Amino acid sequence: MDTKINSNKELNIWEALIPVFALITMLGYNVYIFGDSALGGSNQFILLLGAAVAAIIGFFNKVSFQKMMDEVAENIKSTTGAILILLMVGALAGTWLISGIIPSMIYYGLQILSPAVFLPATLIICAVISIATGSSWTTSATVGIALIGIGGALGFPLGMVAGAVISGAYFGDKLSPMSDTTNLAPAMAGTDLFTHIKYMALTTTPTFIISFILFIILGLTVETKGIADSSSLLIDIEKSFNITPWLFLVPIIVIGMIVKKTEPLVALLIGTLLAGIFAIIFQPEIVLMLSGGKSLNFANAYKGVLNAITIDSVIPTENETLKELFKSGGMQKMLGTIWLILCAMVFGGIMDAIGALARISQTLLKMAKSVFGLFAATVGSCLALNITASDQYLAIVVPGKMFAKAYKDKGLAPENLSRTLEDSGTVTSVLIPWNTCGAYQSGTLGVDTFDYLPYAFFNLLSPVMTLIFAAFNIKIKQLVSGIEN
């Protein structure tokens, strides 16, 4: 991605903050009026209005319209991979439903995961998968969707389950050497990958342990349906699908491919196609129903699978709990999320073009008089960029480039910066509804960002933990004459 930072000496901090305040005010009012349906389109338009406010500020500070459009184009270009992955996740969800893969995960999961251990188990499962794959996105798109289904069947609020999924997924994403952000942060700070991971584990491990304890407590306090009440669910799942362990071959192959460093898009495509074949073999009646045909020939099999990949698929069931679980929107479902990302990139692109992002970071840097102040300014800059630039990569790149010299000047080893970038930039991106990560996770898991935000304990606690370490001078590595001590 493009890592250049646009600065503008004409722009002062108050002008840089006007679009931010305008956006937050308009989004707040919009959510108040529209409620949960705000993501249906009105929030997207508000992001464009925020971009218009930023553009007006830019015109008054001698930034050309063409420069703003060029930066918007660069921003949108940087999301190409994310958009394609979103479409493939929608396709994968459709075929994994009609093939019986997700219902089988729910079926066996209901028998293995009791309500008392479900939330902490979800946290650990997602952490392990994310470390293995290096991707929080892949974790959510595979086991995350299944765990949402199991949690819903057990009677857990979906926001709570999504919080456990996201907490585990981002723990693994932070510590996996295959994660893109885990490689990006040390590159921006000027340290090496494994020094960064080792140093980051110092704050990440206690944060994960605290999150684990909180999910144990939460699991014990929530009133759920219990194992006895799940027997009817198991019977109704068996009525709708042919349940067999053979269906687990597909997710095992997909996760194995990603562990072997296959491109996520390729792995998701193969997972979608394999699931389509498995649907024809194991669930022929469902494929025929989706095709609208009378007999399962090649044309009807093709039509049924393609319908599941692209548009809404609903598997009939009389069980009210399972009705929501037996729905998939295919690629079509992801269009709203893609729309949100595109509008967010317009706002972020114009903010960058007019020099607002650089000005906000520079101002935070000037406020950092002490070592703790420097860490706090880094955290604040990452949070501000996740809100304004709507992209976790920019929330790592911009502060990383801006603050690297300041850390060195204060005699701090570069891994202090790389750790803080991840503790505050990577993990908080998913808490912003219009950020690419927030939009993706909400769209993939089918849970609104503000519903899972209070339960994403790991993500909420990570920036707090890094500030605690800085405040009490815990494991803050120093430089001695420019050399790490």
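Remember, predicted model here, so these are calculated numbers, not experimental data.

A. Layout of the overall build of the chain. The helix and strand tally for the chain stands at 25 helices and four strands. Referenced to the eigenvectors of the C-alpha coordinate spread, the extents of the chain come out at roughly 70 × 45 × 40 Å. With 485 residues in all, the chain has 59% of them scored as buried. Sequence-distant contacts in the chain: of pairs separated by 6 or more residues, those separated by 24 or more amount to 78%. A total of about 19300 Å² of accessible surface is found on the chain, and carbon and sulfur atoms cover 68% of it.

B. Representation of the pattern of salt bridges. All told, the structure shown has four salt bridges when counted by the stated rule. In this structure, Glu415 engages Lys477 in a salt bridge whose closest nitrogen and oxygen atoms are separated by 3.2 Å. Taken together, the positions of Glu415 in helix α22 (residues 414–426) and Lys477 in the loop between α25 (457–471) and β3 (479–480) put the pair 62 residues apart, joining distant regions of the chain.

C. How the structure looks around the side chain of Thr449. With respect to the helices and strands, Thr449 occurs in helix α24 (residues 449–452). Accessibility expressed as a relative area gives 2% for Thr449, which makes it buried. Apart from residues lying up to four places away in sequence, Thr449 is in contact with Val430, Leu431, Ile432, Pro433, Gly438 and Ser442.

D. The nonpolar core, seen in detail. The biggest cluster of nonpolar side chains holds 155 residues, and the ones touching the most others in it are Trp96, Leu110, Phe118, Tyr170 and Ile350. Counting residues per element, this core draws most heavily on helix α4 (residues 80–98), at 13 residues. Setting aside residues no more than four positions away along its own chain, Trp96 makes contact with Ile101, Ile102, Pro103, Met105, Thr142, Val250, Pro251, Val254, Gly271 and Ala275.

E. Representation of helix α2 (residues 42–60) in the model. Over its 19 residues, α2 runs 28 Å from end to end, which matches the ideal 27 Å to within 8%, given 1.5 Å per residue. For α2, the elements touching its buried residues are α1 (13–34), α3 (65–78) and α18 (335–353). Remark: Lys62 follows α2 within two positions and exhibits a positive phi of approximately 65°.

F. View of the environment of Thr80. Within the secondary structure, Thr80 sits in helix α4. Remark: the alpha-carbon pair of Thr80 and Leu342, spanning 262 residues in sequence, is separated by 9.9 Å. A polar atom in the side chain of Thr80 sits 2.8 Å from the backbone oxygen of Lys77.

G. Structural context of unusual backbone geometry. Backbone geometry at Asn473 places phi at a positive 55°, although glycine is not the residue there. Take Asn473: its relative accessible area is 53%, and that puts it in the exposed class. Phi is positive for Lys475, which is not a glycine, with a value near 50°. Its place among the elements puts Lys475 in the loop between α25 and β3.

H. Structural view of the packing of aromatic side chains. Under the defined criterion, the tally for this structure stands at 11 aromatic pairs. Centroid distance Phe241 to Phe326: 5.1 Å. Interplanar angle 80°. Geometry classified as edge-to-face. Here the residue Phe241 occupies a position in the loop between α11 (231–240) and α12 (249–259), and Phe326 occupies one in the loop between α16 (320–325) and β2 (327–328), the gap between them amounting to 85 residues. Accessibility expressed as a relative area gives 4% for Phe241, which makes it buried. Here Phe326 falls in the buried class, since its relative accessible area comes to 1%.

I. Structural view of the confidence of the model for the chain. The predicted model of the chain has a mean per-residue pLDDT of 86, with 94% of residues at 70 or higher. Taken element by element, the chain is modelled with least confidence in strand β4 (residues 483–484), mean pLDDT 52, and with most confidence in α25, mean pLDDT 96.

J. The arrangement of a nonpolar patch on the surface in detail. Together, Ile209, Ile210, Ile213, Leu214 and Ile217 give the surface a local cluster of nonpolar side chains, amounting to about 400 Å² of exposed area. Relative to the assigned elements, Ile217 resides in helix α10 (residues 193–221). Using a relative accessible area of 46% as the deciding quantity, one classes Ile217 as partly exposed.

K. Layout of the state of the cysteines. A complete count under the given rule lists zero disulfides for this structure. Left without a disulfide partner, Cys126 is nearest to the cysteine sulfur of Cys437, which lies 16 Å away. Owing to a relative accessible area of 0%, Cys126 belongs among the buried residues under this scheme. Cys437 provides the cysteine sulfur closest to Cys343, a residue in no disulfide bond, and the two sulfurs are 17 Å apart.

L. Region of interest: the environment of Trp246. Secondary-structure assignment places Trp246 in the loop between α11 and α12. Between the alpha carbons of Trp246 and Ser104 there is a distance of 9.7 Å; along the sequence they are 142 residues apart. Dropping the residues within four chain positions of it, Trp246 is found in contact with Phe278 and Phe282.

M. Main features of the packing of α2 against α18. Following both chains from N to C, one finds α2 and α18 inclined at 10°, their axes separated by 8 Å at the closest point. If you check the angle between α2 and α18, you find them roughly parallel. Where α2 approaches α18, its residues Gln44, Leu47, Leu48, Gly50, Ala51, Ala54 and Ala55 are matched on the opposing element by Gly336, Trp339, Leu340, Cys343, Ala344, Val346, Phe347, Ile350 and Met351. Its residues placed into classes, the contact of α2 with α18 shows 13 nonpolar, three polar and no charged.

N. Fine view of the environment of Ser291. Considering the arrangement of structural elements, one finds Ser291 in helix α14 (residues 284–291). On a C-alpha basis, the gap between Ser291 and Val447 in space is 29 Å, while along the polypeptide they are 156 residues apart. Aside from chain neighbours lying at most four places away, what touches Ser291 is Asn300, Lys303, Gly304 and Asn307.

O. Looking closely at the side chain of Thr79. By the secondary structure assignment, Thr79 is in the loop between α3 and α4. Beyond its immediate chain neighbours, meaning those up to four positions away, Thr79 contacts Ile341, Met345 and Thr436.

Rules behind the numbers
- Residues numbered from 1 in each chain as written.
- Predicted model: local features only at pLDDT ≥ 70, side-chain atom pairs only at ≥ 80, totals over all residues.
- Heavy atoms only, no water.
- Helix = DSSP H or I, 4+ residues; strand = E, 2+ residues; numbered from the N terminus.
- Buried < 20%, exposed > 50% of the residue type's maximum accessible area, 1.4 Å probe, protein only.
- Contact = heavy atoms within 4.5 Å.
- Areas by Shrake-Rupley, 256 points an atom, 1.4 Å probe, with all protein chains shown as cover.
- Salt bridge = Lys/Arg side-chain N within 4 Å of Asp/Glu carboxyl O.
- Core = buried A, V, L, I, M, F, W, Y, C linked by side-chain atoms within 4.5 Å.
- Expected span 1.5 Å × (residues − 1).
- Polar contact = N/O pair within 3.5 Å; in protein donor to acceptor, adjacent residues only side chain to side chain.
- Phe/Tyr/Trp six-rings, centres within 6.5 Å; stacked < 30°, edge-to-face > 60°.
- pLDDT = per-residue confidence, 0-100.
- Patch = residues over 30% accessible without salt bridge, like charges linked within 9 Å, V, L, I, M, F, W, Y side chains within 5 Å.
- Disulfide = S-S within 2.5 Å.
- Axes fitted to C-alpha atoms, helices over the stretch in contact; angles between N-to-C directions.
- Parallel < 35°, antiparallel > 145°, perpendicular 65-115°, else oblique.
- Nonpolar A, V, L, I, M, F, W, Y, C, P; charged D, E, K, R; others polar.

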